[in-house]
Number of protein chains: 2
Amino acid sequence: MESSNVMYTVCVLLLLVPRTFTAKPNFIVILMDDMGWGDLGVYGNPAKETPNLDKMAAEGLLFTDFYSASPICSPSRASLLTGRLPVRNGFYTTNEKAKNAYTPQVVVGGIPDSEILFSEALQEAGYRNKIIGKWHLGHRAQYLPLRHGFDEWFGAPNCHYKYNNKNIPNIPVYRDDKMIGRYYDDIKIDPERGLSNLTQMYIEEALIFIEKQAKKKQPFMLYWTPDATHTPLYASEKYRGRSQRGLYGDAVMELDAGIGQILATLKKLNIDRETFVFFSSDNGAATYAHQQGGSNGPFLCGKQTTFEGGHREPAVAWWPGRIAPGQISHQVGTLMDIYLTLLDIAGISYPKGVEFDGHTLISALFNNTEFERPMFYYRGDTLFKVRLGQYKAHLYTWGTPQDAQLMGYHYCPGQYIVNVTTDQMVDHKKEPLLFHLGQDPGEKYIISSSSDEYKAVIGTLLKVVEEHKKTLKRGAPQLNICDSAVQNWSPAGCDEVKRCLPSPKSKPFKCQWPY
Amino acid sequence: MESSNVMYTVCVLLLLVPRTFTAKPNFIVILMDDMGWGDLGVYGNPAKETPNLDKMAAEGLLFTDFYSASPICSPSRASLLTGRLPVRNGFYTTNEKAKNAYTPQVVVGGIPDSEILFSEALQEAGYRNKIIGKWHLGHRAQYLPLRHGFDEWFGAPNCHYKYNNKNIPNIPVYRDDKMIGRYYDDIKIDPERGLSNLTQMYIEEALIFIEKQAKKKQPFMLYWTPDATHTPLYASEKYRGRSQRGLYGDAVMELDAGIGQILATLKKLNIDRETFVFFSSDNGAATYAHQQGGSNGPFLCGKQTTFEGGHREPAVAWWPGRIAPGQISHQVGTLMDIYLTLLDIAGISYPKGVEFDGHTLISALFNNTEFERPMFYYRGDTLFKVRLGQYKAHLYTWGTPQDAQLMGYHYCPGQYIVNVTTDQMVDHKKEPLLFHLGQDPGEKYIISSSSDEYKAVIGTLLKVVEEHKKTLKRGAPQLNICDSAVQNWSPAGCDEVKRCLPSPKSKPFKCQWPY
Ligand SMILES: [Ca+2]
Ligand SMILES: [Ca+2]
């Protein structure tokens, strides 16, 4: 009986394999902010707040071993869009060893023009592209989405923290290439009550764009990336208090409902069979935020770290009629794979002379076969860990830095593993710590370096590292120089909405990355 | 759109509610051994080894907040079958405060005749009952299944540890009321290779019993409780090495496949709509066994403890045509609820004068509504914790006892929470520790006793405890007295298979419970 099931599955899959894609399908890349692997019902969250995502997984393919290229926002997002590691695309700092850096408003750098984003490749091939939500690839004019392959934008360049408009301006919200107001001043967020209609705005923007493109019959790429699960958390009146997890769970429920609406709209417009949808998150749950952060399920630590909790992401691929329903894939994948996967599906040739870290996921998506490839875990500019097969070697360990602890942060609350969750950066390169992620997904049980198992695999892992380092050409670091003058004082369009602010004089300084 | 969905669901559910059950349906209670909440795909295990259980959940109802009455085998199983807490049905010891006790071969006690098991109630109502697997309610003649409401048995009275037949005999395997051989001597288990065909034997027994009963058209209750996930682990040749988790995952895959075969047989025989199937496990995963143990997902600690990892269980209810598919229930439930639920479904009145700790789950199963009820977490004879709504109060904390640590055990590997995972039994009754399990399923964040939240709820929780203690009538403790003479030296039938062993003279002693 079982073998006939297998036969059936094989037959169905053969029919589904899109050997040639006759038309250019639409793409929707959904990227959550700080949502953890363990936040979805289908990955075991006891609160079960994601019926729509769980249904999306049941109708599509669920990845168990999918990763971000970085355990924090900006580098992860830059890597998604470039298909390249942060150390290549410039989203790192050399100011201090291995510090996690991102793009607050004072950062001078951003996505270099030399990087070809997949939005650019798709735009050139006739796609109309829209980003809805957080950009985070640099907030200065030359770095904004419409300069990098997007035709439309509704959202913001930075995180939605609240500022005072004196030392630091509130973050502008853009429609396309002009700001239309600022968070808190114009786009209401009530941080005390955790109340905002922003996710609803992002949902509506998505539905309108999809309907418009369906009517025009022009292929589109929508990058939908709301930030309600990034502190300060928010949800709309309709969702506040609805989950058993508090505001974080409320935000998850609202985002999940939005994803349900997006998929339902595709079906309603009868373009679901022409639209490839991919769901994931930019980094592990912010465990330091405690109950204001998400869940990394059985994994160790969270955002900011190179343990599984920092890098392992929820990931679901959905394409009715093309991707067979109810599949699980153990393919080791990364957000950087989206780039070549989209290009392959659209039949667009890869940009010449670019060294990609991502691979195409065609074989996983359409044949559910697996290929072996290494996963590299960087903290800042330093390669901390490498995975190959089920083995993960720790070259460096670092849990919560002591100075972060002094600020009240803890990346591994309730978790403690001797020699592993170290409070300083510890060099293990002479004898890397080895773990088997299949048997030990929580990185709890160090495989003894005197064991046959260790001796059998460590050499291969170290060879992979050596090979990687040899061929790695680092980009110019974008996150070294800061300057208060470059903040969002007067973005394009500020005069029309009377939200220009006086800028201080330029005074560049070395960015500080406390943790 | 969402409200019309709700309407639809309500209508469907109304149609499904079995107000009167016209005939006596069949029952299958599937109980795993030491399998953790986090071991199933549907509860988030990254290895995704349970396609059949995941499908069962998709076709039925998944409980997120389901508990065992005890964090170890014997008391949990006695509570399932009696619907009563171990301190009532006698499965505890008073030898030393709060020690976890069970039924090794030296134990003199077992299930008292005064307890009316649900097997007895069903048998009296015309059911034919079979247990396949581990009994664990006492191994002496008067305690065995056929003396307590079962018509058939294939399995063993105790755990499948290996002994030497000199100080301790190997465990007998019974068919009905006679032993047919002993583990290791006759029923092959290769502990070095983790190889045994036992699960396959248990599967075959189940399928034969179901087919026989279907043909006879006599209602049946099957209690299917294999022990392959209890150390020493085993799997058959076909499953060894198939999972990414090692032998533990192999055993899970084999059991899952067996459950798939059982459900497929019900469908094939066209009795799936007449059969209520319930799946769960007897206690939390044995975290002390490290990679040889299962996963408790995001929960704290494991077997032997009263943290969520010790008590929270996977639970799935399945009944095509009666239980609507794809449901999630947050009803707080316990294995002790199975008793009255089965009786309600079968239309059998409850035994008179019995104080049950279980409730009927009819409302959760057929209407997906929730009622509030407390959950009591006992370690041995001591009430450690109480849950009401989302709040859980710790009256006592105790992680790994120091003497267990000296023996190399650790119940909370990789987890450490100040004042919570204490290495001795700490009394917090003056100011119980309070947690919100919805926001903090991992019991990491103690709610400050000076907070309004604490003051608002602690009184209610303590009143519930007081009420419980006031009405609690303790049974005579069954696990106090031990005697080497009572071991399985010469069970009924041993002469026929030439497996009788010489017994030492009776020398009763106080049982020792080291942890
Ligand atoms: Ca993020
Ligand atoms: Ca057990």
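Given the structure is predicted, the values throughout are model-derived calculations rather than measurements.

1. Looking at the overall build of chain A
Now for step 1: A tally of regular secondary structure across chain A gives 12 helices and 21 strands.
Now for step 2: Computed over C-alpha atoms, the radius of gyration of chain A comes to 22 Å, within 12% of the 24 Å expected from 2.2 N^0.38 for 515 residues, which places it in the range of a compact globule.
Now for step 3: Projecting the C-alpha coordinates of chain A onto the three principal axes gives extents of approximately 70 × 55 × 50 Å.
Now for step 4: Per-residue burial for chain A yields a buried fraction of 64% across its 515 residues.
Now for step 5: Considering only contacts within chain A whose residues lie at least 6 apart along the sequence, 72% involve residues at least 24 apart.
Now for step 6: Each charge class in chain A was averaged separately, 55 positive and 54 negative side chains, and the resulting centres sit 3 Å apart.

2. Overview of the coordination of the calcium ion (ligand 1)
Now for step 1: Distances from the calcium ion (ligand 1) to its protein donors, Asp33(A) (OD), Asp34(A) (OD), Cys73(A) (SG), Asp282(A) (OD), Asp282(A) (OD) and Asn283(A) (OD1), fall within 2.2 to 2.7 Å.
Now for step 2: Metal-centred angles of 52 to 166° between the 6 donor atoms at the calcium ion (ligand 1) mark the site as irregular.

3. Details of the interface of chain B and chain A
Now for step 1: In this complex, chain B contributes 40 residues to the contact, which on the side of chain A involves 40 residues.
Now for step 2: Summed over both partners, the interface of chain B with chain A buries about 3,000 Å², with 57% contributed by carbon and sulfur atoms.
Now for step 3: For the chain B face of the interface with chain A, the top three residues by lost area are Pro46(B), Gln244(B) and Tyr445(B), together amounting to 21%.
Now for step 4: At the junction of chain B with chain A, the criterion picks out 14 residue pairs in polar contact (both at pLDDT 80 or more).
Now for step 5: Those elements giving two or more residues to the side of chain B that touches chain A turn out to be strand S2 (61-67) and helix H7 (247-268) of chain B.

4. Concerning the coordination of the calcium ion (ligand 2)
Residue and element names in this part refer to chain B.
Now for step 1: On the protein side, the calcium ion (ligand 2) has Asp 33 (OD), Asp 34 (OD), Cys 73 (SG), Asp 282 (OD), Asp 282 (OD) and Asn 283 (OD1) as donor atoms, found 2.2 to 2.6 Å from it.
Now for step 2: Metal-centred angles of 52 to 166° between the 6 donor atoms at the calcium ion (ligand 2) mark the site as irregular.
Now for step 3: Positions of the donor residues of the calcium ion (ligand 2) along the chain correspond to the pattern D-D-x38-C-x208-D-N. With a gap of 248 residues between them, Asp 34 in the loop between strand S1 (26-32) and helix H2 (51-59) and Asp 282 in the loop between strand S10 (275-281) and helix H8 (308-311) connect regions that are remote in the sequence.

5. Re the packing of helix H6 (residues 198-216) of chain B against H7(B)
All names here are of chain B.
Now for step 1: Orientation of H6 relative to H7, taken along the N-to-C sense of each, is 10°, at an axis distance of 10 Å. By the angle between their axes, H6 is roughly parallel relative to H7. Residues Thr 199, Gln 200, Ile 203, Ala 206, Leu 207, Ile 210 and Glu 211 of H6 form the contact with H7, whose participating residues are Glu 254, Leu 255, Gly 258, Gln 261, Ile 262, Thr 265, Leu 266 and Lys 268.

6. Focus: the relation of the copies chain B and chain A
Now for step 1: Mapping chain B onto chain A calls for a screw motion: a turn of 180° about the axis and a shift of 0.0 Å along it, with 0.0 Å RMSD after fitting. The transformation just described matches what one would write down for a two-fold rotation axis. Of the C-alpha atoms belonging to chain B, the one lying closest to the rotation axis is found on Gly44(B), 1.8 Å away.

7. Let's talk about the packing of aromatic side chains
Now for step 1: Using the criterion set out here, one finds 47 aromatic pairs over all chains in the structure.
Now for step 2: Relative to Phe278(A), the ring of Phe63(A) lies with its centre 6.1 Å away and its plane at 50°, an arrangement referred to as tilted. Linking Phe63(A) in strand S2 (residues 61-67) with Phe278(A) in strand S10 (residues 275-281), this pair joins segments that are 215 residues apart in sequence. Neither residue differs from the other here; Phe63(A) and Phe278(A) are each classed as buried.
Now for step 3: Taken together, a centroid distance of 5.8 Å and an interplanar angle of 85° make the contact between Trp135(B) and Phe150(B) edge-to-face. Of this pair, Trp135(B) sits in the loop between strand S3 (128-134) and strand S4 (152-156) while Phe150(B) sits in the loop between S3 and S4, and the two are 15 residues apart along the sequence.

8. A look at the state of the cysteines
All names here are of chain A.
Now for step 1: Summed over all chains, the structure comprises 6 disulfides over all chains.
Now for step 2: The partner cysteine of Cys 301 in its disulfide is Cys 412, sulfur to sulfur 2.1 Å. Residues Cys 301 and Cys 412 are joined by a disulfide whose S-S torsion is about 105°; by sign, that bridge is right-handed. One end of the pair, Cys 301, is in the loop between S10 and helix H8 (308-311); the other, Cys 412, is in the loop between helix H11 (402-406) and strand S18 (426-427), with 111 residues separating them in the sequence. For the residue pair Cys 301 and Cys 412, the accessibility class agrees, reading buried in each case.
Now for step 3: Note on cysteine connectivity: Cys 494 is disulfide-linked to Cys 500, with sulfurs 1.9 Å apart.

9. Quick notes on the domain arrangement of chain A
Residues and elements named next belong to chain A.
Now for step 1: Here the domain parsing of chain A yields domain 1 (21-373) and domain 2 (378-471).
Now for step 2: Taking only C-alpha atoms, the centre of domain 1 and the centre of domain 2 are 27 Å apart.
Now for step 3: Contacts between the two partners involve 33 residues from domain 1 and, on the opposite side, 31 residues from domain 2.
Now for step 4: Viewed at the interface, domain 2 and domain 1 are joined by 3 salt bridges.

10. A word on the environment of Asp381(B)
Residue and element names in this part refer to chain B.
Now for step 1: Tracing the backbone shows Asp 381 in the loop between strand S14 (375-379) and strand S15 (382-388).
Now for step 2: On the accessibility criterion, Asp 381 (10% relative accessible area) is buried.
Now for step 3: Each C-alpha atom, one on Asp 381 and one on Thr 94, is 6.9 Å from the other, the two residues being 287 residues apart in sequence.
Now for step 4: In this structure Asp 381 touches Val 87, Tyr 92, Thr 93, Thr 94, Lys 97, Ala 98 and Arg 474, once residues within four positions along its chain are discounted.

11. Quick look at the nonpolar core
Nonpolar side chains tend toward joint burial in soluble globular proteins.
Now for step 1: In terms of nonpolar packing, the biggest core is built from 54 residues, with Tyr183(B), Trp224(B) and Phe279(B) touching the most fellow members.
Now for step 2: The greatest single-element share of this core, amounting to 11 residues, is contributed by H7(B).

12. Topic: a nonpolar patch on the surface
Now for step 1: Together, Tyr416(A), Val418(A), Tyr416(B) and Val418(B) give the surface a local cluster of nonpolar side chains, amounting to about 440 Å² of exposed area.
Now for step 2: Inspection of the secondary structure puts Tyr416(B) in the loop between helix H11 (402-406) and strand S18 (426-427).
Now for step 3: Residue class for Tyr416(B) comes out partly exposed when judged on its relative accessible area of 47%.

13. Some details on the UniProt feature "domain: Sulfatase N-terminal" (unreviewed entry) in chain A
Now for step 1: Within this numbering scheme, the UniProt entry marks residues 25-348 of chain A as carrying the feature "domain: Sulfatase N-terminal" (unreviewed entry).
Now for step 2: Note that residues 25-348 of chain A is 26% helix and 20% strand, and that its end C-alpha atoms are spaced 12 Å apart.

14. Focus on the pairing of strand S4 (residues 152-156) of chain A
Looking along a regular strand, one sees the side chains alternate between the two faces of the sheet.
Residue and element names in this part refer to chain A.
Now for step 1: Of all 5 residues in S4, 5 are buried; the element is thus mostly enclosed.
Now for step 2: The sheet contact formed by strand S3 (residues 128-134) and S4 spans 5 bridges and is parallel. Bridging from a neighbouring strand, Ile 131 pairs with Trp 153 of S4.
Now for step 3: As judged from the 2 bridges shared by S4 and strand S5 (residues 172-175), these two strands associate in the antiparallel manner. Residue Gly 155 lies in a different strand from S5, and its bridge partner there is Tyr 174.

So, how was this worked out
Residues numbered from 1 in each chain as written. Chains lettered and ligands numbered in written order. Predicted model: local features only at pLDDT ≥ 70, side-chain atom pairs only at ≥ 80, totals over all residues. Heavy atoms only, no water. Helix = DSSP H or I, 4+ residues; strand = E, 2+ residues; numbered from the N terminus. Rg over C-alpha atoms; globule rule 2.2 N^0.38 Å. Buried < 20%, exposed > 50% of the residue type's maximum accessible area, 1.4 Å probe, protein only. Contact = heavy atoms within 4.5 Å. Lys, Arg positive; Asp, Glu negative; His and termini not counted. Charge placed at Lys NZ, Arg CZ, Asp CG, Glu CD. Donors = N, O, S within 2.8 Å, 3.2 Å for Na, K, Ca; no water. Tetrahedral: all angles 85-135°; square planar, octahedral: opposite > 155°, others 65-115°. Buried area = accessible area lost by both parts, 1.4 Å probe. Polar contact = N/O pair within 3.5 Å; in protein donor to acceptor, adjacent residues only side chain to side chain. Axes fitted to C-alpha atoms, helices over the stretch in contact; angles between N-to-C directions. Parallel < 35°, antiparallel > 145°, perpendicular 65-115°, else oblique. Least-squares fit on C-alpha atoms with pLDDT ≥ 70 in both. Phe/Tyr/Trp six-rings, centres within 6.5 Å; stacked < 30°, edge-to-face > 60°. Disulfide = S-S within 2.5 Å. Domains from an automatic or database assignment. Salt bridge = Lys/Arg side-chain N within 4 Å of Asp/Glu carboxyl O. Core = buried A, V, L, I, M, F, W, Y, C linked by side-chain atoms within 4.5 Å. Patch = residues over 30% accessible without salt bridge, like charges linked within 9 Å, V, L, I, M, F, W, Y side chains within 5 Å. Areas by Shrake-Rupley, 256 points an atom, 1.4 Å probe, with all protein chains shown as cover. UniProt positions renumbered as here; feature names shortened; annotations may be inferred. Pairing = 2+ DSSP bridges.

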